[in-house]
Structures are given as C-alpha cells and as structure tokens.
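The primary structure of each chain is shown beneath.
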Amino acid sequence: MTTYDGSIIFPEHGVNREQQNQVPWIGWDRDWDELWGHVVNPFGGWDIDFGENFGSPQKGTFSPVNVAKDTESTLVGLRTSGSEINWEENTYAGNYAYSIEDDFYNRILVEPVFIDFGSILGTQTFEIAIFNAYLDASILSDIVETNFRTGLTLDAEATLPTTYGALEERTYTLEAVLAGPPQIDATITLDWLAPIEDIEIEVIGTRIVLLPVTYRHKMRETMLWKTDILNSYNGTEQRVKVRRNPRHRLAIKAYLDNSERHRVENLIYGWRQRDWAIPMWHEARKIDSAVSEDDLTINVDTQYGDFRVDYLAVIWESPRKFDVFQIESLTTSSITLTRGVNDDFGLNAVVMPVRSARMIKDPVRYTTGYDAILETILEVTDNTSYPADPSAVQYLGEDTFFTEPLQTSSDGAPDNYNYKMVVLDNESGLISQYAPWDNLRIGRSFELILEGLQEVWEMRQWLDRRAGKLTPFWMPTFENNLKVLNTGTVVDSLEVVNADYSVQSSARKTIVIKKTDGSYVFREIIDAIFNAISGNEDLTLDSSLNFDASEIDEVNFIGLKRLNSDQIEFDWLANNVVSVTLPIIELEP
C-alpha cells in the first residue's frame, strides 16, 4: 500500500478514495493484517463489506467515510466496519528458531577461562571480565582459589557473597610475580548461588630467569628428532615419526668478567634446577634505529631468525641493561611489543630471540680469581618446527640435494659399504653365510660450511623437512662415475669407459647428467653391455637426451638416501660461519 495526500492506492486496481462506492476490490487470503497492519491499517476510515467466507480471495466493496489526514499524509482517523471479520485459525508444526537471546542471555559470561602466563620473567597481570547476562540479579557466593601459592594473587571482591545486578559486568585482576614456585598450576572457582552452575578458571605458567651471559663463538647447536624404523627381511624400511618438533640443545661457553662472575654464580646457585630464559646469541642482530623508553616498536631485521609471535625476545646493551619482552606481532623489518620497553637503547644494542631452556648438564665455572668461563648444556623446552618448501628440483616426487659437500678429514669423505650378513657357524665345521638385503647400502659423512644467517636458517629448514631419518631425498655421488665417450648429438645411448659396470654394478640404474650450464638431467639405464670391439661399455637409456655430447660435464650415480642419524650438530665458529656434518645412507640405488 502507498499513500499520497490521503489517498489509498490498491495496486491491483489503482482505486483511490475520491472514486465512487461499490468499486470491486480483491482481498488477500488471511494475511492482509500481517502484511499491512504493522505499517498502517489500510482500512481505517472505510466501511468495508467483505461478504461471507473470508477464507479465500474474493470480491468485496468499500465505502468512504470522513477521513482525516495529517500534514505528512499519514492516514489517521475513525475506523468503522460494516461487518465483523472472523479469522481462521490454523496450527502449524515447526522447529524452534534460536536467536541471540539463547546464545548470550541468561547465563554468566567469563573471559578468559584459561590463563597461561607463559614464561614469567617479572610481574605479569591478566584481567578477568565477569558479566551477569541474566535479566535479574545473580549472587556470587564465594571465590575459591586452589593451589594459589606464593607469588600469585587475585584482586577480587573484599566481601562475599556479593550480588551482581542484571546485565552487570565487573573486572578482576590476577597478578603473578617472579618470587614463587617454578610452576604455576592453579584454579579459580566462581561459586554462584543455585541454580547457576559454578565456573572454573584454569591458571598455568612457568617462572624463569634470564641467564645474562654472552656466548657466540665455539657454541654447538644440536637438533634432535626421533624416528622408529621397521626393517623387512630384504632391507626395505618403514619409518615412523615419533617426535612432533625437533628438540634443540645448546652447548655453550661464556666468558664472565670480574664484575659479572659473582652475580652469575649467585643466579646459578639459586635457580639451577629451574627453567632459564636463554638469549639466542647466535641469532643476534643490531637494531636499525635507536629505541626510547616506552616505545612499542623496534626496527630490526627479523629475517632468518627464530622470532615468534607471543614468545619472548630481548633487546640487549649490556649485562646490566637489557629488556626481555613479549612479541605481539612482527614483520621482516620490525617487532611490535605487548608493552613499552623499559629504557632507552642506542644503536649499539642488539635484538635476539629468547628461548626457555633447562640445564641438562651441571654447569662448570673455570675461574682464575679475576674472571671466569661458564660451561653448560641447555635443552630448549619451547621447541617448534621450521616449515620449508620442497626443493626446486624434484625427482619421482622426492626432494633433491645438489650442494657439493666437503671432505670430513684429510683422507677424504669416508664411504661405508653396508650389507647385512647372516653367518651360520656351529663352531665345529664349515661356516656359511648369506645376505638377505636386495642392495648394498653406501653410507657417507660429509661436511658443509654455511656462511651467514640465511644459509644457516635454510639448512635448518631443509633438515626439519627431512625430520631426521624420516624423509628421504635424491643425492648424487658428486663423482664422474661414467666417463662419456660420445661425440655429436646424444640420443638414447651412452658409450662409456669400461669400468665393469655391466658386470658388477648394473643394479645402480639411476643416473643424473650434469650439464655444462649447471642444470641436471635424470635418466635410468635399462640395458648395459660390454662392447668387445671397442673395449668400452654401451648403455641404453630409458628416453632420449637430444643434446650434444660436449654439453655433458659429468655423469653421476644418484641414489635415494636419508639421514643416518636423528641428531645433527651445528658448530658455530666466528662471524656467523657454521660447520655442519651430515651422515647419510643410501636406501635405493
């Protein structure tokens, strides 16, 4: 319905109140009042005769009476009815439609119900909001504090019971300080008068102290995974990941000058058995701009460092001037803190991640009476993973590794030829033996030198993608195993110098051809024969190469390998140079 200057327009017929009586009109079936009545009664000021049986659409008549209208053309005035309307009632089955009333009201709302203080290095507070969402008063009878030991206090109601008014909200403050037991595991119970159910708030946390020592060189970092290996009779393996994230250990040696050696000794004396906050000195980097007290942002390059949101970091200028803070957010060039820094820091300050750790080896202090060296091994407790993308070159769905290693000794890189041998010896006669494995396994340990934080970080990611012994990868021998004699365009065969491959090593079928432009081409050898005329060996490949022989730099055997240890060590030398030794073993040739 639309009103214009007091006129009523019925869309079906365009009839207005200035027209004559007895104009036909079509009525709606039962729902005209539901459709229009909540806006304006279209029949106010009209004498309406619908006739009988108003249960279905039918013709009716209407007669105008005196109708008053206001200045804004809203229909008002007296309504008279020529006949009484009898409504038809129906009952319908349906489902209850939930609304915000069901989700929000008539309950007690508490935020949060789980409080994790994390690593407590000083005074930390949490606010607890309690809202009475009932539409009448609710009575809080008691607040029960369980396992509230020294150093944990709740600023709540002084007098209990207390009455919360309808839709009333209150805020309490929970405070934890450094002094107290190392572990916090407490519960706050809000005891409400029946029929309201009690509400429990769980509180946990760990008190830690920063170990204010500087270690940077001659530090050994160890990453530790855990893998269960099930071996079949023929040597095939099934490997199972046991540990979700790798563990970290730090074997450190820290120099202590005369002004700090007694302070550190006292810290160790009182805190030896507890968790420590350990600055990751091997990942320290200088800030890009000076920091003022109460600043919430530190401009620093965070790339290739273990900075984590909601975890700790430290800005350090000296053993007596530093600030440990929690990271609220970060970008590649800045860190946002959950609170302002506690002092001014100049451009000589450094920022580094902080990890929680425990001492797994009793610390040793070597002292001369003037200075000292502290030595210990720490195991990180807040471990994480280091996600990485697959390697750029893939083969048969697995990563590849083409970083040429260094030899681990002056004698070269040692290759161990492993074969499972079963020996039958009753010590009274002949000895027999047999080998159940399908293939010999070649093991090798080699060294890599990593220069700079980026190379170290990428190696951590690559190793974590391996997860210790779990995930295999393809790796060449880095030796020119097959010396090619071809000239011109190479199609699907290679002529190589005779090295008894066709007789003894034909199980090693997978090769990788390194081209002079640095790219790699994978092929399989499907046939190998000794050519009695040339004295060389002819190899047939599974597919054509179609490039000139002069483009071949070398041909390597390549095998599917895995790490042969769940423990990899990084030896930090000077200036962010790291030596890492990787033990590997071949699974398939």
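Residues numbered from 1 in each chain as written. Predicted model: local features only at pLDDT ≥ 70, side-chain atom pairs only at ≥ 80, totals over all residues. Heavy atoms only, no water.

J.: Which residues make up the sheet that holds strand S8 (residues 108–111), and what values do they have?
T.: In spatial order, the strands read S8-S10-S14-S12; together these four strands make up an open sheet with antiparallel pairing. Among the strands making up the open sheet, the edge pair consists of S8 and strand S12 (152–155). On average, adjacent strands in this sheet sit at an angle of 20° to one another, irrespective of strand direction. When S8 meets strand S10 (residues 124–132), the two strands line up antiparallel, connected through four bridges. Its bridge partner being in S10, Val-110 is matched across the sheet by Ile-130. (Pairing = 2+ DSSP bridges. Helix = DSSP H or I, 4+ residues; strand = E, 2+ residues; numbered from the N terminus. Axes fitted to C-alpha atoms, helices over the stretch in contact; angles between N-to-C directions.)

J.: Any details on the sheet that holds strand S9 (residues 114–120)? Residues and values, ideally.
T.: The pairing of strands in a sheet happens through backbone hydrogen bonds and is either parallel or antiparallel. Strands sit in the order S9-S16-S15-S11-S13 across an open sheet of five strands; the sheet is mixed. Lying at the two open borders of the sheet, with one neighbouring strand each, are S9 and strand S13 (162–164). Going from strand to strand, the sheet's axes swing by 25° on average, the running direction of each strand aside. Here strand S11 (residues 138–146) runs beside strand S15 (residues 183–192); their pairing, made up of six bridges, is antiparallel. Residue pairing for S15: Glu-145 is matched across the bridge by Ile-188.

J.: Before we move on, can you summarise helix H3 (residues 261–271) with the specific residues and values?
T.: All buried positions along H3 are accounted for by Arg-261, Val-264, Ile-268 and Trp-271. Projected onto a plane normal to the axis of H3, the buried residues spread over an arc of 120° and lie on a single side. Those residues of H3 that are exposed and angled more than 90 degrees off the buried face are Asn-266 and Tyr-269. Packing partners of the buried residues in H3 comprise strand S16 (199–207), strand S17 (209–210), strand S21 (247–256), strand S22 (276–279), strand S29 (364–367) and strand S30 (372–380). (Buried < 20%, exposed > 50% of the residue type's maximum accessible area, 1.4 Å probe, protein only. Arc of directions from axis to C-beta. Contact = heavy atoms within 4.5 Å.)

J.: Residues and numbers for the environment of Ile-552, please.
T.: The residue Ile-552 is located in strand S44 (residues 552–563) in this model. The spatial distance from the C-alpha of Ile-552 to the C-alpha of Lys-483 is 9.9 Å, given a sequence separation of 69 residues. Discounting chain neighbours no more than four positions away, the residues touching Ile-552 are Val-484, Val-490, Leu-494, Ile-513, Lys-514, Thr-516 and Phe-547.

J.: Describe unusual backbone geometry, naming the residues involved and giving the relevant values.
T.: Here the bond from Glu-111 into Pro-112 is cis, since omega is -5°, no more than 30 degrees from zero. In this chain, Ala-194 is followed by Pro-195 through a cis amide linkage whose omega measures 10°. Tracing the backbone through its elements, the reader meets Pro-195 in the loop between S15 and S16. Look at Asn-576: it is not a glycine, yet its phi comes out positive at around 60°. Residue placement: Asn-576 occurs in the loop between strand S45 (567–572) and strand S46 (577–588). With a relative accessible area of 25%, Asn-576 lands in the partly exposed category.

J.: How would you summarise the packing of aromatic side chains if you had to cite specific residues and measurements?
T.: What the rule picks out here adds up to 17 aromatic pairs. Their ring planes at 85° and their centres at 5.4 Å tell us that Tyr-386 and Trp-457 sit as a pair that is edge-to-face. Placement of the pair is Tyr-386 in the loop between S30 and strand S31 (394–395) and Trp-457 in helix H4 (residues 453–466), with a sequence separation of 71 residues. With relative accessibility at 5%, the residue Tyr-386 sits in the buried group. The exposure class of Trp-457 is buried, given its relative accessible area of 14%. Aromatic pair Tyr-395 and Trp-474: ring centres 5.1 Å apart, planes at 75°, arrangement edge-to-face. Highlighted residues: Tyr-395 in strand S31 and Trp-474 in strand S37 (residues 473–476), separated in sequence by 79 residues. Assessed through its relative accessible area of 11%, Tyr-395 is described here as buried. According to the relative accessible area criterion, Trp-474 is buried, its value standing at 4%. Members of the aromatic cluster, joined through ring pairs, are Tyr-395, Phe-402, Trp-474, Tyr-520 and Phe-522. (Phe/Tyr/Trp six-rings, centres within 6.5 Å; stacked < 30°, edge-to-face > 60°.)

J.: Can you break down the pattern of salt bridges residue by residue, with the values?
T.: Taken as a whole and judged by the stated rule, the model has 28 salt bridges. Among the salt bridges present, the one from Arg-365 reaches Glu-265, with a minimum N-O distance of 3.7 Å. Highlighted residues: Arg-365 in strand S29 and Glu-265 in helix H3, separated in sequence by 100 residues. Of the charged contacts in the structure, one is a salt bridge between Lys-321 and Glu-317, with a shortest N-O distance of 3.2 Å. Taking relative accessible area as the criterion, Glu-317 reaches 25% and is therefore assigned partly exposed. (Salt bridge = Lys/Arg side-chain N within 4 Å of Asp/Glu carboxyl O.)

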